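In case you want the letters, here they are:
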Amino acid sequence: ENGIVRPKGINVSFHLNPEIEQHHFGHSHPMKPWRLTLSKGLIISYGMHAAMDTYVARQATEEEMEDFHTTDYLDYLRTAEVAIPDDSEEKPHNLGGSDCPIFEGLFDYCALYSGASIDAARKLCNGQSDIAINWSGGLHHAKKNEASGFCYANDIVLAILQLLRQHPRVLYIDIDVHHGDGVEEAFWSTDRVLTVSLHKYDPVCFFPGTGDLERNGPQSEDNPGAHHAINVPLNDGIDDDQYIYLFETVVGRCVDKFRPTAIVLQCGADSLAGDRLGRFNVQVQGHGACVSYCKSLNLPLLLVGGGGYTPRNVARAWAHETSIAIGCSDTIDPEIPLHTPYREHFRHTTLFPTLEQILGEPKPNKNSPKKIQDIVEHITEQLRFVNA
Ligand code: TV1
Ligand code: CA
Ligand code: ZN
């Protein structure tokens with residue numbers, strides 16, 4: 001009736017919890033859990049929920065979170081009092097500054113989005129799902145003992161640790177505009193996880209400042225993780241053509257050499273044009289092409305969210321990517337349904353606004369063809385050291 005058919009053969013599970021959306025980082029903070037409400041509203045108005053198994057996430061237990069995080073940090077996270085952000089003094093575990101404020105229900109928020117990613121990973125392990133989705137996860141900066149860049153618990157690391165119980169090799173790919181430093185660091189010393197991040201790179205003025213092309217894991221004789229970190233540092237204004245070419249070329253070569261048995265794709269939507277914190281000219285189509293490519297590899301696939309600071313575009317991207325997962329992206333109407341909740345927030349009523357509609361005037365593209373070729377060459381060279 002609306003183009004949604006439940007596909008035979010491929011199972012998609014959708015992990016969410018409306019409680020997550022009730023948390024607030026503070027009035028002017030760019031991270032708005034409300035973007036999840038907008039995304040889910042759009043996904044449901046298309047009827048896509050009918051083609052997935054939906055699970056309301058439970059809280060991860062402290063024991064599960066201790067798979068990665070220290071007890072000391074988790075205790076502090078649980079008991080930290082709500083405070084007015086103040087960047088001037090030393091903060092235990094980097095909590096309570098402006099990036100990572102302490103807010104009402106902080107621990108529950110962390111345990112819920114972590115629980116959703118852990119459960120999603122378990123669905124892939126036991127074969128109940130082929131693709132599992134948690135748009136509230138993807139919080140890639142969190143470290144084992146501290147918060148960083150709007151991220152408190154690293155649900156991606158927790159999910160990959162679940163996958164590693166069954167899977168010999170996991171490929172992690174990160175298309176958030178920021179470097180996936182927390183995940184990279186967590187698996188720095190193992191050859192069972194290959195991490196790939198595409199990001200805006202500027203060590204001086206773009207967070208977190210790491211992720212240069214040469215950063216490929218500690219290169220010592222006795223470290224199996226050497227060469228198992230791949231970084232794709234980019235400049236402002238990259239467009240769909242360049243981004244898709246890089247993604248498919250780099251990820252294709254990683255898959256050929258590393259032969260992953262499962263894939264985790266962090267779909268941070270701040271790499272989209274017009275993002276409040278981002279710098280790229282990637283469109284909903286280009287962002288979605290990364291999901292299509294991963295799906296085409298026919299491996300268990302975990303899709304998580306991440307950044308995304310212009311909520312209407314986050315919702316467009318994650319709804320489109322949900323449709324790719326379930327296989328109805330070619331049949332749904334690109335015109336946003338009339339009954340979509342908060343439809344007035346979309347301004348343009350298409351899933352695929354043009355760059356001109358998003359930005360007025362596109363950002364100049366600072367990525368030369370030579371830069372793109374140099375990246376591909378360096379990474380191809382790095383991958384000579386990676387074997388399944
Ligand atoms: C409160 C109110 C906090 C307004 C933070 C942008 C704000 C930012 C705010 C902001 C902001 C950052 C830094 C500087 C490190 C700091 C979810 C020395 C208008 C995955 C995290 C970016 C991205 C952190 C997270 C960054 C993710 N940028 N307004 N803060 N200090 N922090 O630069 O990868 O998307 O910007
Ligand atoms: Ca990234
Ligand atoms: Zn980001």
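Look a little higher up for the structure.
Residues numbered from 1 in each chain as written. Chains lettered and ligands numbered in written order. Predicted model: local features only at pLDDT ≥ 70, side-chain atom pairs only at ≥ 80, totals over all residues. Heavy atoms only, no water.

Chemist: Teacher, can you tell me more about the coordination of the calcium ion (ligand 2) here?
Modeler: Octahedral six-donor coordination of a metal ideally yields angles of 90 or 180 degrees, compared with 109.5 degrees for tetrahedral four-donor coordination. The coordination sphere of the calcium ion (ligand 2), as far as protein atoms go, consists of Asp174 (O), Asp174 (OD), Asp176 (O), His178 (O), Ser197 (OG) and Leu198 (O), spread over 2.5 to 3.0 Å. Taken together, the six donor atoms coordinating the calcium ion (ligand 2) span angles of 69 to 167 degrees at the metal, a pattern that classifies the geometry as irregular. Of note, the calcium ion (ligand 2) draws all its donor residues from one chain, in the sequence arrangement D-x1-D-x1-H-x18-S-L. With His178 in the loop between strand 4 (170–174) and helix 6 (181–186) and Leu198 in strand 5 (residues 193–200), this residue pair connects regions lying 20 residues apart in the sequence. With a relative accessible area of 8%, His178 lands in the buried category. (Donors = N, O, S within 2.8 Å, 3.2 Å for Na, K, Ca; no water. Tetrahedral: all angles 85-135°; square planar, octahedral: opposite > 155°, others 65-115°. Helix = DSSP H or I, 4+ residues; strand = E, 2+ residues; numbered from the N terminus. Buried < 20%, exposed > 50% of the residue type's maximum accessible area, 1.4 Å probe, protein only.)

Chemist: For this particular structure, what's the right way to read the nonpolar core?
Modeler: Burial of nonpolar side chains together is a common tendency in soluble globular proteins. With 119 residues, the main nonpolar core has Tyr152, Ile160, Phe247, Leu265 and Leu303 as its most contacted residues. Examining the composition of this core, we find that 12 residues originate from one element, helix 4 (residues 106–125), more than from any other. Sequence-distant contacts of Phe247, that is, excluding residues within four places in its chain, are made with Ile173, Ile175, Leu198, Gly252, Leu265, Cys290, Tyr293 and Cys294. (Core = buried A, V, L, I, M, F, W, Y, C linked by side-chain atoms within 4.5 Å. Contact = heavy atoms within 4.5 Å.)

Chemist: Teacher, can you tell me more about helix 8 (residues 284–296) here?
Modeler: Two residues of an α-helix separated by three or four positions point the same way, owing to the 3.6 residues in each turn. Here helix 8 spans 18 Å end to end across 13 residues, near enough to the 18 Å set by a 1.5 Å rise per residue. Taken together, the buried positions of helix 8 are occupied by Val284, Gly286, His287, Gly288, Ala289, Cys290, Val291, Tyr293 and Cys294. One or two positions beyond helix 8, positive phi appears at Asn298, with a value near 55 degrees. (Expected span 1.5 Å × (residues − 1).)

Chemist: How should I be thinking about the packing of helix 7 (residues 240–258) against helix 8 in this particular structure?
Modeler: When two helices pack together, their arrangement is given by the angle between their axes and by how far apart the axes lie. Between helix 7 and helix 8, the shortest axis-to-axis distance is 9 Å and the interhelical angle comes to 20 degrees. When the axes of helix 7 and helix 8 are compared, the pair comes out roughly parallel. Remark: the crossing between helix 7 and helix 8 carries right-handed chirality. For the pair helix 7 and helix 8, the contacting residues are Asp240, Tyr243, Ile244, Phe247, Glu248, Val251 and Gly252 in the first and Gln285, Gly286, Ala289, Cys290, Tyr293 and Cys294 in the second. For the contact of helix 7 with helix 8, a count of residues per class yields eight nonpolar, three polar and two charged. (Axes fitted to C-alpha atoms, helices over the stretch in contact; angles between N-to-C directions. Parallel < 35°, antiparallel > 145°, perpendicular 65-115°, else oblique. Left-handed = near helix turned anticlockwise from the far one by under 90°. Nonpolar A, V, L, I, M, F, W, Y, C, P; charged D, E, K, R; others polar.)

Chemist: What am I meant to see in the pairing of strand 6 (residues 229–234) here?
Modeler: If a strand is regular, its side chains alternate between the two faces of the sheet. Among the six residues that make up strand 6, six are buried, leaving the element largely enclosed by the rest of the structure. Alternating positions in strand 6 separate into two faces, Ala229, Asn231 and Pro233 on one and Ile230, Val232 and Leu234 on the other, with burial throughout. When strand 5 meets strand 6, the two strands line up parallel, connected through six bridges. Counted as the bridge partner of Ser197 is Asn231 from strand 6. (Pairing = 2+ DSSP bridges.)

Chemist: Just checking my understanding: could you explain the side chain of Ser323 for this structure?
Modeler: Along the polypeptide, Ser323 turns up in helix 9 (residues 311–326). Filtering out sequence-adjacent residues up to four positions away, Ser323 remains in contact with Met48, Cys328, Ser329 and Ile332.

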